[in-house]
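Overview (structure and organization)
This is what each chain is made of:
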Amino acid sequence: VKRYLSVVLLGAMAALAVWFPEAAEPSAGPIPGTNPPPVAICPAIEGQGRSTVIDVLSHVSGPGRLTAFASGGSTGQIRFELTSKGSVRVPVIDVSAIGVVGGLAEVPDPAAGVGSLITGTDSVAAEACPSTPSREYVIAGGSTLSGEGLEIHMMNPYAGDAAVTLTVVSESGIEANQVFDNVVVPSRSSAVVDLGVLLPGRRVISVLVEATAGSVIAVGRLDQGSDSALWNAVEPAQEWYVVAPGGSHPREIVIASASPGEVNYEVDMYGPDGLVEGYADGVIENRGTARINLRNVSKDPVAFRIFGSGPIAPFLRFDPDSGIAMTGGARVPASRWILPGAAGVRNAGTRVLIANPGNGEATVDIEGTGGSGEVDGQLVVPPGGVGVYVLPEGVVHGLFVESDLPVVSMWFMQSGDSYAISTGVPLADE
Amino acid sequence: MSSRMTDVATPQLAEEPTVEAGAPLPRVKVIVTHIPGSDLDAALATIERQVYGAVTSVEVVSVEPVSVKAPVLLRESLDDSIVATAHEVDYLWLVHSDARPRPDALNALVAEVERNDAALGGSKVLVAGSKDELESIGSATDVFGEPYSGLDEGEIDLQQYDVVREVAFVSSVSMLVRRDLAQGLGGLDTVLEPGAAGLDFSQRVRLTGGRVIIVPSSEVYHQGRCSEPEGWRELAGRYRAMLKAYRLVTLVWVVPFGLLLAVIDSLANLLFLRWRPAGRYLLAILWNLGKLPSTIGARRRFRRVRSVGDEELFRFQARGSIRMREVGTDISDTLLFMFDEDHALVRGTQRVWASPGIWGAILAAVIALFSARAFFFGGVPNAGYSFPFEEASTSLARFLGGWNEAGLGTATPVHPSSGLTGLASTLTFGHPGAARTLLTLAFSVLAITGMGRLMGRLGFRGPGRYMSGLILLSGPGTTLLTGRGSWLGLGAAAFLPWAVRAVFVHISKTDTSPWSLGGWTLLWCLPLAALSPLAALVPAVAVLLWWSVGGSRGRFWLAGLSLLGLLAALPFLIGDPGWVTDGTRRLGLSVPGYWPLVALAAVAALMFVEGRLRRLATAGAVLAFGAMILVNSGIGGPGVEELGLIVASFGTAIVVSAALDMFSRTPMRVIAAVSAAAMLVLSIGALADGRLGLPSGDENARYAFASTLAGEDGPGRLLLVSDTRQAIPGEVRAGPGLWYRVVDGAGMTSDEVWLGPPAAGDEALGAALERIATGAELRPGELLAGFSIDWVVVIDGPEYLNAILQSQLDLLPTPLDPTSSVYDNPMSVPLAAGETAVWDRAGTGFAGPASAERVRISMNGATGWSPAPEADDWAFTVSAEAGEATFRWTGINRILPLAAAVTFIAALIAIVVGRVRP
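Notes on the overall build of chain B
- Helix and strand content of chain B: 36 helices and 26 strands.
- Overall size of chain B, expressed as C-alpha extent along the three principal axes, is 125 × 75 × 45 Å.
- Counting only residues that meet the buried cut, chain B has 58% of its 918 residues in that class.
- Here chain B has roughly 35200 Å² of accessible surface; of this, 61% comes from carbon and sulfur atoms.
- Taken together, the 73 basic and 87 acidic charged side chains of chain B have centroids lying 7 Å from each other.

Notes on the overall build of chain A
- The helix and strand tally for chain A stands at two helices and 32 strands.
- Across its three principal directions, the C-alpha atoms of chain A cover 110 × 50 × 50 Å.
- Contacts spanning at least 24 positions in sequence make up 79% of the contacts within chain A whose residues lie at least 6 apart.
- Side-chain charges of chain A comprise 23 positive and 45 negative groups, with the mean position of each set lying 6 Å from the other.

Considerations on a nonpolar patch on the surface
Residues and elements named next belong to chain B.
- A surface patch of nonpolar side chains, about 540 Å² in accessible area, is lined by Leu282, Leu283, Leu286, Leu289, Leu292 and Ile296.
- When contributions to the nonpolar patch are tallied by element, the ones reaching two or more residues are helix H9 (276-290) and helix H10 (292-303).
- The element best represented in the nonpolar patch is H9, accounting for four residues.
- Structurally, the position occupied by Leu282 is in helix H9.

Remarks on the interface of chain A and chain B
- Each side of the interface is counted separately: chain A has 41 residues, and chain B has 48 residues.
- Summed over both partners, the interface of chain A with chain B buries about 3500 Å², with 68% contributed by carbon and sulfur atoms.
- It is A:Arg3, A:Leu10 and A:Pro26 that lose the most area in chain A upon contact with chain B, and together they represent 18% of the buried surface on that side.
- Across the chain A-chain B interface, the total number found is one salt bridge.

With respect to the sheet that holds strand E17 (residues 812-813) of chain B
Residues and elements named next belong to chain B.
- Ordered in space as E14-E15-E13-E16-E18-E17, the six strands form an open sheet in which the pairing is mixed. Strands with a single pairing partner mark the edges of an open sheet, and in this sheet they are strand E14 (733-735) and E17.
- Sheet topology note: the strand E13 (residues 717-722)/strand E15 (residues 738-744) ladder contains six bridges and is antiparallel. Pairing of Leu719 across the sheet is with Val742, part of E15.

Some words on the state of the cysteines
Residue and element names in this part refer to chain A.
- Within this structure, the stated rule accounts for one disulfide over all chains.
- Here Cys42 connects covalently by a disulfide to Cys129, the sulfurs 2.1 Å from one another. An S-S torsion of about 120° defines the bridge between Cys42 and Cys129 as right-handed. One end of the pair, Cys42, is in strand E1 (residues 39-46); the other, Cys129, is in the loop between strand E8 (124-128) and strand E9 (136-142), with 87 residues separating them in the sequence.

Quick look at the sheet that holds strand E2 (residues 50-58) of chain A
Residue and element names in this part refer to chain A.
- Read from one edge to the other, the open sheet built from four strands follows the order E5-E2-E7-E8, with strand pairing classed as antiparallel. Of all the strands in the sheet, just strand E5 (86-91) and E8 have a single pairing partner and so form its edges. Neighbour to neighbour, the strand axes of the sheet diverge by 20° on average, direction disregarded.
- As paired elements, strand E7 (residues 112-120) and E8 share five bridges and run antiparallel to each other. Note that in E8 the partner of Ile118 across the bridge is Ala125.

Digging into the side chain of B:Ser562
Residues and elements named next belong to chain B.
- Along the chain, the position of Ser562 falls in helix H24 (residues 556-562).
- When its relative accessible area of 0% is taken as the criterion, Ser562 is described as buried.
- When near neighbours in sequence (up to four residues on either side) are disregarded, Ser562 contacts Val503, Thr521, Cys525, Ala536, Pro539 and Ala540.

Quick word on the pattern of salt bridges
All names here are of chain B.
- Summed over the entire model, instances satisfying the criterion amount to 46 salt bridges over all chains.
- With its nearest N and O atoms 3.0 Å apart, the salt bridge here joins Arg206 to Glu166. Placement of the pair is Arg206 in helix H6 (residues 194-207) and Glu166 in strand E10 (residues 165-166), with a sequence separation of 40 residues.
- A salt bridge links Glu731 to Arg585; its shortest N-O distance comes to 2.5 Å. Of this pair, Glu731 sits in the loop between E13 and E14 while Arg585 is found in the loop between helix H26 (578-581) and helix H27 (594-606), placing the two residues 146 residues apart along the sequence. For the residue pair Glu731 and Arg585, the accessibility class agrees, reading buried in each case.
- One continuous salt-bridge network, built from bridges that share partners, spans Arg102, Asp104, Lys124, Asp157, Asp162 and Glu219.

Notes on the nonpolar core
- Ranked by internal contacts, the top residues of the largest apolar core, which has 147 residues, are B:Leu470, B:Trp487, B:Phe625, B:Phe650 and B:Leu718.
- Ignoring sequence-local partners within four residues, the contact set of B:Phe625 consists of A:Leu10, A:Met13, A:Ala14, A:Ala17, B:Pro596, B:Ala599 and B:Leu600.
- Membership of the second largest hydrophobic core comes to 114 residues, among which are A:Val53, A:Ala125, A:Val207 and A:Ala237.

Topic: the environment of B:Ser57
Residue and element names in this part refer to chain B.
- Inspection of the secondary structure puts Ser57 in strand E2 (residues 55-61).
- On a C-alpha basis, the gap between Ser57 and Arg27 in space is 9.2 Å, while along the polypeptide they are 30 residues apart.
- Sequence-distant contacts of Ser57, that is, excluding residues within four places in its chain, are made with Val28, Lys29 and Val30.

Focus on H6(B)
Residue and element names in this part refer to chain B.
- Given a rise of 1.5 Å per residue, 14 residues ought to cover 20 Å, and the 20 Å separating the end C-alpha atoms of H6 matches this to within 8%.
- Among the 14 residues in H6, 13 count as buried, and that is most of the element.
- Remark: Gly209 follows H6 within two positions and exhibits a positive phi of approximately 95°.

Points about helix H29 (residues 638-659) of chain B
- Its 22 residues give H29(B) an end-to-end C-alpha distance of 31 Å, which sits within 8% of 32 Å, the value for a rise of 1.5 Å per residue.
- Counted residue by residue, H29(B) has 22 buried out of 22 residues, so it is predominantly covered.

Let's talk about the packing of aromatic side chains
Residue and element names in this part refer to chain B.
- Throughout the structure, instances matching the rule amount to 27 aromatic pairs over all chains.
- One aromatic cluster in this structure is built from Phe389, Phe443, Trp487, Phe495, Trp498, Trp520 and Trp524.
- Against the face of Trp232 rests Arg233, its NZ or CZ located 5.8 Å from the ring centre.

Some thoughts on the packing of H6(B) against helix H7 (residues 232-245) of chain B
Residues and elements named next belong to chain B.
- Where H6 contacts H7, the axes come no closer than 8 Å and their chain directions differ by 15°. Relative to H7, H6 is oriented roughly parallel. Crossing angle aside, the handedness with which H6 passes H7 is right-handed. Seen from H6, the contacting residues are Pro194, Gly195, Ala196, Leu199, Asp200, Gln203, Arg204 and Leu207; seen from H7, they are Glu234, Gly237, Arg238, Ala241, Met242, Lys244 and Ala245.
- Of the residues belonging to the contact of H6 with H7, the class tally is seven nonpolar, three polar and five charged.

Topic: the side chain of B:Ser807
- Mapped onto the elements, B:Ser807 comes out in the loop between helix H35 (799-805) and E17.
- Once residues within four sequence positions are removed from consideration, B:Ser807 is found in contact with A:Pro133, A:Tyr158, A:Ser215 and B:Leu778.

Overview of a negative patch on the surface
Residues and elements named next belong to chain A.
- On the surface, Glu361, Asp365, Glu374, Asp376 and Asp404 cluster together into a negatively charged patch.
- Structurally, Glu374 is set in the loop between strand E27 (362-369) and strand E28 (375-381).
- Overall, the relative accessible area of 65% leaves Glu374 in the exposed class.

A look at unusual backbone geometry
Residue and element names in this part refer to chain B.
- With an omega dihedral of 10°, the bond running from Ala70 to Pro71 counts as a cis peptide bond.
- Among the structural elements, Pro71 can be located in the loop between E2 and strand E3 (73-75).
- In this structure, Pro867 follows Ser866 across a cis peptide bond, with omega equal to 5°.
- With respect to the helices, strands and loops of the structure, Pro867 is situated in the loop between strand E23 (865-866) and strand E24 (870-872).
- Positive phi, close to 60°, is recorded for Phe429, a residue that is not glycine.
- By the element assignment, Phe429 lies in the loop between helix H17 (417-427) and helix H18 (432-457).
- Phe429 sits in the exposed class, given a relative accessible area of 75%.
- In this model, Ser788 sits at a positive phi of 60°, which is unusual for a non-glycine residue.
- Counting through the fold element by element, Ser788 comes out in the loop between helix H34 (780-785) and strand E16 (789-795).
- Accessibility expressed as a relative area gives 0% for Ser788, which makes it buried.

The rules we used
Residues numbered from 1 in each chain as written. Chains lettered and ligands numbered in written order. Predicted model: local features only at pLDDT ≥ 70, side-chain atom pairs only at ≥ 80, totals over all residues. Heavy atoms only, no water. Helix = DSSP H or I, 4+ residues; strand = E, 2+ residues; numbered from the N terminus. Buried < 20%, exposed > 50% of the residue type's maximum accessible area, 1.4 Å probe, protein only. Areas by Shrake-Rupley, 256 points an atom, 1.4 Å probe, with all protein chains shown as cover. Lys, Arg positive; Asp, Glu negative; His and termini not counted. Charge placed at Lys NZ, Arg CZ, Asp CG, Glu CD. Contact = heavy atoms within 4.5 Å. Patch = residues over 30% accessible without salt bridge, like charges linked within 9 Å, V, L, I, M, F, W, Y side chains within 5 Å. Salt bridge = Lys/Arg side-chain N within 4 Å of Asp/Glu carboxyl O. Buried area = accessible area lost by both parts, 1.4 Å probe. Pairing = 2+ DSSP bridges. Disulfide = S-S within 2.5 Å. Axes fitted to C-alpha atoms, helices over the stretch in contact; angles between N-to-C directions. Core = buried A, V, L, I, M, F, W, Y, C linked by side-chain atoms within 4.5 Å. Expected span 1.5 Å × (residues − 1). Phe/Tyr/Trp six-rings, centres within 6.5 Å; stacked < 30°, edge-to-face > 60°. Lys NZ or Arg CZ within 6 Å of the ring centre and 35° of its normal. Parallel < 35°, antiparallel > 145°, perpendicular 65-115°, else oblique. Left-handed = near helix turned anticlockwise from the far one by under 90°. Nonpolar A, V, L, I, M, F, W, Y, C, P; charged D, E, K, R; others polar.

Next up, the structure:
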């Protein structure tokens, strides 16, 4: 009996050893949410009759600095102090030598906006500076017809070298060129791909920029006559908002697909008649583009909400006979916007366009700061409509836009025969 | 005395002396050397019974007053007796008074000496009172005079050597020498012991051209009262004989070599805890120095009668050194005894296979050596929890209260294994690499022999007791530990059976002194505690468990003494209780379910066989299953986990040993044996890699770029980050979606494996990593610089961190490792530096140029640093005036390691003292 009892007891112990609920393995802590550093990477050109200023606007006071980088190192650095809802304008010539460079602007808080404003004798170009690098960008709307020069400027302010692959698509299809296969953007340097030289005579060009190593920020520069346009490459997404100025000048929306297959798109329009659903739709083939000509839509400012069945990126091309301006769309409506560089050129007319995609009437406060002028106005935008605020004379470094409802904001500037368009920088709600 | 000795009524008649017809027999004078304590009358009576018919006279030489009856004469010295011998006498028979010659002994001597035209003949000497045990049959020597009889210990005379032949020397117990030669040579050297005297006289006879022969038909029983075997006087006498006989040209090389051999022999014997040989050599040398004038005089006198060169002596000498051969034999015997408890190999190869368990031992040893083959060619891998030893002095200093530099440095005493590794490195003359390889190889031998000897002590004799050592090496628990690179776990498993064996001493075993038992217990338990602190509890627990199942061999006082082994580990356990209690620091190992099932099959079958096997198998199974439950339950910290895994293998090994103790065809035995065989197969499979289950690779070589590319500031530290815990060597800390730890850029050493509880610096580093992980930090290098982190290595992942580190400004991606992302941090500050000078490591502290500034040391601050320490955030600064910064524990953390060291030395002394038999 004792033996059998021993066997039973040992069996019980063995069973426990086999089937004892295993202790949870030690695990690492939770991955924290991302909280990107408050920085912006700005393209800059000094020389060739052009000059760049970097406008920095911030809701939060604190120190900041702008570091120009080129050829693997810092070419200069300038520190500045921002007040609450204050602004700073930094001429790049104060920081860097002549050339095409990148500027890394460090600001005290994410509630800030930074923009590049490039001006020449007969040209003006502006764009908000992107902050977070992405693995994949799309930039479209450019062309290389006679008299046009198109460059893709890729900036790498980071410690590690980057390598990117460009997929360039034109009306001829995907363009083959070894140059596009592996473009190295060294650490703290810029690389410029001149599509005007490599692919002359293209009417519509879209470029997919894929980083295979490191991180880059890409912008496009299109020279047309004496004017030029500057616009950001954007990370493709399925929903976009684009605001277009009114008037009779030629303008169009170029929608580029980042997908190798077909992508369906659908466009709703906001304008004087409120929301017009299903204004347009179509199919974009293999990384191609679709163009929506806005010339005959309305002489009033309008806005569009664009949906794609896959990732897409829309761009507004403002193409009057005497100048050129480009900008990308906005991903989301927001209650707070910063429009760096708006009304930043003396003797230039600036209008702020506010689209209200919501169902209620939006009351929008517009404040300008810095420089020699001051802006303090208000605009009421009906639901589904687009409001225009014409800025008074004076030079500021940019505008703060605050609304009681989410809106989409951009600004448009005309200086003689030169034009600039820039979508604002949306801020997270407080 | 044997029957042959007393059987004088029917003596074997020797051949009559060969003389020409009609010629008288050679006349012989008998000289009896009186040996104190011997029965002189009995000796004279045996002389009187000699059948030889031409004995002219009998004289007794004695320095003590003894009474002899006429016609026997008494002389005070041998010289007197020889000188006074009349010219009519042809031969002198020199015989000891403790010798008992057979009646025909003299007759045989004279006959053979005459027939062989020899100058000196010696008798075959048998041990009196034995069954014809041979003592001397004439000997060869080596060049140093060390006798070599060729006889085995206790060898019986079966007339196997009964051939008259020339020898190097004969025993002085009974020798026949030509009278003229004896008078010419001055007889035996009276200051020499008999053995040495015989050698000396034989050598001198040979150098005068005489032949020295052994006459086996002349048998003499010897009571052995004349000398103490291996006494220093014998050794001294051999030296004197050498100095007297050899020419100067021979002495020039023989003497230095002799001294060198004396040193080697002394050291080798000290390894066996025998100090007497060293004393003997010393006394022999001193005695000869004292006797040097008389030796020189004797040399001069002998030179006049010398007629041949030393070559004549060399002809009868063995090659090499007989003493060194004996040392080699001692070593091999000792090693063999580890496997061959029954001395089967020593007793003779023909009986090897009759020894139970010997083939199991040999098979297990072969498998173990095969399993460790990679160490012979590539050393022990540096991976997981297995890393090189530090320099011996640094390691010992760290154990005895030095700074623990693991991670960012910790105010916790270092893991006690530092003491053991320091000791091992010291014993290998300061070669930590050799010490580590030898120690690892020793682990495999110790595990196998330990299990064999333990189970032998518990009454097992079967082959399974040694084979079960393989289970200990790579059984259910140890294979998991070694798979993670736990070198310490492997070592603890190897020491465990020896420690348990030390406390399992049967009450009937009285031939070992308590000093020795206690000493051995401590000697095994202290290293065991150093390797795996909690494992030092096992011997005591085993005694209790064994007692609870009815066993009686455990000794409670030894079990209590074994707990003193914890002295080595207490500072570490007190300083880092989380090592025992913190479940988040566990390795997260669990024993696969098939192990308890197979073990259960074996032990269940053994329940129905004889009681001895049943009891042991039960105890083993309870240990194994209990340990497995403990491991799988997740209770306790890494120390408990380590203990559980080691004991799981130990218990399973006991079950296997019981199951394979004897083979028979009874169903239960077959089931047990098959189950045990299955467990062995499972274990051997894990050993197939040739590294005893330890992981491959060299993490130090992988990160050697830190040293190679280091500037004047030194290699600093590496921050290793991964989302796979095992990808980082040693203990790791949990971070945001990742594991991490910092390691020394100069290469990780064994003392750095365990990190200790987090201190202020660790908290600060954790917070810095949290910030970097959010992507909010644009300059992570600057953030990590204060920790002296020169390199950040992201191994395998996490991907999100790699993405973040691609968008920062001051950690330079450097393609130094094909499988990891390596980032150089040019912002890093040196480990120890002032404003103008950088300090280097010196022992367990730092040293550099003395100055008036303060030096910041990027280590967690702790009480004990000097001089003039001041907190600097989480780190500290010291005054640079002395040019060095040192750390010393005070209080219990200083006293306990010293106490452990003293206990270790005391254990050695106790063992030595215990070896001295009354």
